[in-house]
Amino acid sequence: MDFSLDATSPAPPYEQVRAQVIAAIDDGSLVAGTRLPPVRALAADLNLAANTVARAYRELEEAGYVETRGRAGTIVRGGDAASSRAAQAARAYADTVRRLGIDPDDAVALVRAALGER
């Protein structure tokens, strides 16, 4: 997979990297078990600080797309179709609430209410 940055994009570099990985997972270009480039190598390729790529990978891990296996690297996680569709819906919802300027805590409360939780 070739990663690239758009210098004219308003999205910060870590977000561009994160979005490209997610898009590649969603379209099947990156499948479960695929090892992502090491942080330092990708940072050098993109002319970024290692911390920028590390942030993208950390956010991908927190969202469940990848897992870090220490010296074995960062690996694309597997998942079933239902989980994949739910993750896509969650991303769409997150994008919508950000665009609307809704506070993250309020957004989570809306989801809990929709699920019938208190």
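The structure reproduced in this document is the subject of the present report. (Residues numbered from 1 in each chain as written. Predicted model: local features only at pLDDT ≥ 70, side-chain atom pairs only at ≥ 80, totals over all residues. Heavy atoms only, no water.)

Some thoughts on the packing of helix α1 (residues 13–26) against helix α3 (residues 50–62)
Step number 1: As a packed pair, α1 and α3 sit with axes 8 Å apart at the nearest point and diverge in direction by 45°. Overall, the two elements α1 and α3 adopt an arrangement that is oblique. When you trace α1 past α3, the crossing you get is right-handed. Between α1 and α3, the residues in contact are P13, Y14, V17, R18, V21 and I22 and T52, R55, A56, E59 and L60, respectively.
Step number 2: Taken together, the residues of the contact of α1 with α3 break down into seven nonpolar, one polar and three charged. (Axes fitted to C-alpha atoms, helices over the stretch in contact; angles between N-to-C directions. Helix = DSSP H or I, 4+ residues; strand = E, 2+ residues; numbered from the N terminus. Parallel < 35°, antiparallel > 145°, perpendicular 65-115°, else oblique. Left-handed = near helix turned anticlockwise from the far one by under 90°. Contact = heavy atoms within 4.5 Å. Nonpolar A, V, L, I, M, F, W, Y, C, P; charged D, E, K, R; others polar.)

Describing the layout of surface pockets
Step number 1: The calculated volume of the largest pocket comes to roughly 590 Å³.
Step number 2: Listing elements by their share of the lining of the largest pocket, those giving two or more residues are α1, α3, α4 (81–100) and α5 (104–114).
Step number 3: Ranked by residues supplied to the lining of the largest pocket, first place goes to α4 with nine residues.
Step number 4: For the lining of the largest pocket, the per-class residue count stands at 13 nonpolar, no polar and seven charged. (1 Å grid on protein atoms, 1.4 Å probe; cavity = no way out; pocket = protein on both sides within 12 Å on 5 of 7 lines; lining within 4 Å. Points joined across faces, edges and corners; volume = space filled by probe spheres on them.)

Details of the environment of D2
Step number 1: In this structure, D2 sits in the segment before α1.
Step number 2: Here the alpha-carbon distance between D2 and L42, two residues 40 residues apart in the chain, equals 9.7 Å.

Details of the nonpolar core
One broad rule of soluble globular proteins: the nonpolar side chains tend to lie buried together.
Step number 1: Core analysis: the biggest nonpolar cluster contains 20 residues, and V21, L30, L36, L42 and L60 have the highest contact counts within it.
Step number 2: With six residues, the single largest contributor to this core is α1.
Step number 3: Look past the residues within four positions of L30 in its chain and what remains in contact with it is M1, V21, A24, I25, L36 and V76. (Core = buried A, V, L, I, M, F, W, Y, C linked by side-chain atoms within 4.5 Å. Buried < 20%, exposed > 50% of the residue type's maximum accessible area, 1.4 Å probe, protein only.)

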